Amino acid sequence: MRWNACILTISISLACLVPPLLAQQRGGGGGRGGAAATPRLPGPDDPIKQMVDRLDLEKYKATIKGLTQFGDRRQGTERNRKAIDWIEAQLKSYGCTNTERIKYQYDPATATNGGGGGNGGGQRNPNPFGPSGARIRGYRIPEGVNNDPNLQPDLKLRELNMEPSSPGLREEVYCTKIGTTHPEEMYIVAGHMDGIGWGEAANDDGSGTALVMELARVFSSPDIQTDRSIRFALWNNEETNLNGARAYVAQRQGLQGKEDPPGSGKYPEPKWLGMIQHDMMLFDHGMPRADGTMSREQRPEADVNIEFQKNSKMVAQSQELAWAFREANELYATDYPAAVGNKMTNTDSTPFMDVVASISLRENERGSQLGAGWDPQHHKPTDVFTTYYDKDFRLGLNAAQTSLAAVAQLTGAKLKK
Ligand SMILES: [Zn+2]
């Protein structure tokens, strides 16, 4: 029996998200009334485990490292444009060759929120509620964006980050794995490739961008087929108020599910089934201490935080998607568990959340934990590759394992023998 009782339970609960999945997975193995059966970890012949095993810590680290050659990749700069070109070349080299770009105009004079903001490293905020209205408990340190180049001690990196952002045309890249039986439907797997803070944006969001690229690499392997399509998207302008993801929704929402040209079997914008954002995947060292210092080590209890937004139109579908990811983590992530929260905020899945099931994956909850300063590198000059240890990178790898397994299940992925 390939699918144990636990997976059967998930597939039933997913039935309203993706009806055909039910029949497909139920066919995998009996187990009726097996709700109380002891779960078992997938064995070496489990095809999804075989796909997950193609993720690799050193490859994941190398992809993050590759992104850091473009410094903080701030939107509206040459280093940001070079990073997009590099990402596109990588996607093509993985076999995700149908890359496309969204183009949009960004003019900070007319846009809301000029980027950054925050409370600039000032006083401790006494408000017991963080971004999204999530309650903050315990010790906290100030959260804010560094805008001072002189705080970057690495002179080469400071120089690399020197060009300021200019208003104008922006681009962002995506590629798509086309489903074999339902090319007209897709899941969007995404991260944001721009950063701020005068570091290398290694964690925010090199870690999420690399995760999406690694999934594109694995799913683009010619021996993997999926029933449904998967789009791998690397948003720009997240740090200025999600402008890249907003542009995508504005330009493409109305194109969903349309065959173009008619009769071609081609769907330039498959119908959206779910949007999964990955942002800051590495650092879960716990709460700041009373004196404001942090543990240098990943805490053993580190987890992947999956969030949906309780005040969204698609809350029921988003919640269901979140639990599917948690169950995928239980079976397929090697080291760290996942937790589900209901206050997704400040992330590129927000523009999607009233249209389609939407979740975000992070190292910490955005409101209650990051909002209390649990990641002291956030938007700071210290967000550089060398800040992180293997246990940090491994949390990101576990998030990748979680997303890969969940998306493989949701899209009916199969390994061709
Ligand atoms: Zn981010």
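Keep in mind that this is a model prediction, so the values were computed, not measured. (Residues numbered from 1 in each chain as written. Predicted model: local features only at pLDDT ≥ 70, side-chain atom pairs only at ≥ 80, totals over all residues. Heavy atoms only, no water.)

Let us now look at the overall build of the protein. Each helix and strand in the protein was counted, giving 10 helices and 10 strands. Counting the 417 residues in the protein, one finds 57% classified as buried. Of all intrachain contacts in the protein linking residues separated by at least 6 positions in sequence, the fraction that spans at least 24 positions is 81%. By element, 53% of the accessible surface of the protein is carried by carbon and sulfur atoms, the whole surface being about 16600 Å². (Helix = DSSP H or I, 4+ residues; strand = E, 2+ residues; numbered from the N terminus. Buried < 20%, exposed > 50% of the residue type's maximum accessible area, 1.4 Å probe, protein only. Contact = heavy atoms within 4.5 Å. Areas by Shrake-Rupley, 256 points an atom, 1.4 Å probe, with all protein chains shown as cover.)

As a further point, take the pattern of salt bridges. Inspection of the entire model under this criterion finds 19 salt bridges. Here Asp 227 and Lys 414 are joined by a salt bridge, their closest N and O atoms 2.9 Å apart. Taken together, the positions of Asp 227 in the loop between strand 4 (224-225) and strand 5 (228-235) and Lys 414 in strand 10 (residues 414-415) put the pair 187 residues apart, joining distant regions of the chain. For Asp 227, a relative accessible area of 12% corresponds to the buried category. With a closest N to O distance of 3.0 Å, Lys 391 and Glu 297 form a salt bridge. One end of the pair, Lys 391, is in helix 10 (residues 390-410); the other, Glu 297, is in the loop between strand 6 (271-278) and strand 7 (304-307), with 94 residues separating them in the sequence. (Salt bridge = Lys/Arg side-chain N within 4 Å of Asp/Glu carboxyl O.)

With that settled, the discussion passes to the nonpolar core. Formed by 71 residues in total, the largest nonpolar core has its most connected members in Ile 87, Leu 91, Leu 215, Phe 219, Phe 232, Phe 325 and Ile 359. Take this core: its biggest share by element is 11 residues, from helix 10. Apart from the residues within four sequence positions on either side, Phe 325 is in contact with Ile 276, Ile 306, Ile 359, Leu 361, Thr 402, Ser 403, Ala 406, Val 407 and Leu 410. One finds Tyr 104, Met 186, Ala 190 and Trp 272 within the second-largest nonpolar core, a separate group that totals 17 residues. (Core = buried A, V, L, I, M, F, W, Y, C linked by side-chain atoms within 4.5 Å.)

A separate point is the sheet that holds strand 1 (residues 100-106). A sheet is described by the order of its strands in space; here 8 strands give the open sequence 1-2-5-3-6-9-7-8, paired in mixed fashion. Taken across any chain shown, the strands that pair with only one partner, and hence form the sheet edges, are strand 1 and strand 8 (338-341). For this sheet the average axis-to-axis angle between neighbouring strands, irrespective of direction, equals 25°. Inspection of the sheet shows strand 7 paired to strand 9 (residues 358-362) by 3 bridges, in the antiparallel sense. Counterpart to Ile 306 in the pairing with strand 9 is Leu 361. The strands that helix 8 (residues 243-252) touches are strand 1, strand 2 (168-177), strand 3 (182-192), strand 5 and strand 6; relative to strand 1, the one it contacts most, it runs at about 110°. (Pairing = 2+ DSSP bridges. Axes fitted to C-alpha atoms, helices over the stretch in contact; angles between N-to-C directions.)

It is worth spelling out the packing of helix 4 (residues 57-68) against helix 10 at this point. A pair of packed helices can be characterised by two numbers: the angle between their axes and the separation between those axes. Viewed as axis vectors pointing N to C, helix 4 and helix 10 meet at an angle of 95°, and their least axial separation amounts to 10 Å. Put simply, helix 4 runs roughly perpendicular to helix 10. Touching Leu 57, Glu 58, Tyr 60, Lys 61 and Ile 64 of helix 4 are Asp 390, Phe 393, Arg 394, Gly 396 and Leu 397, all from helix 10. Residue composition of the contact of helix 4 with helix 10, grouped by class: 5 nonpolar, 1 polar and 4 charged. (Parallel < 35°, antiparallel > 145°, perpendicular 65-115°, else oblique. Nonpolar A, V, L, I, M, F, W, Y, C, P; charged D, E, K, R; others polar.)

The analysis is restricted to geometry; functional conclusions fall outside its scope.
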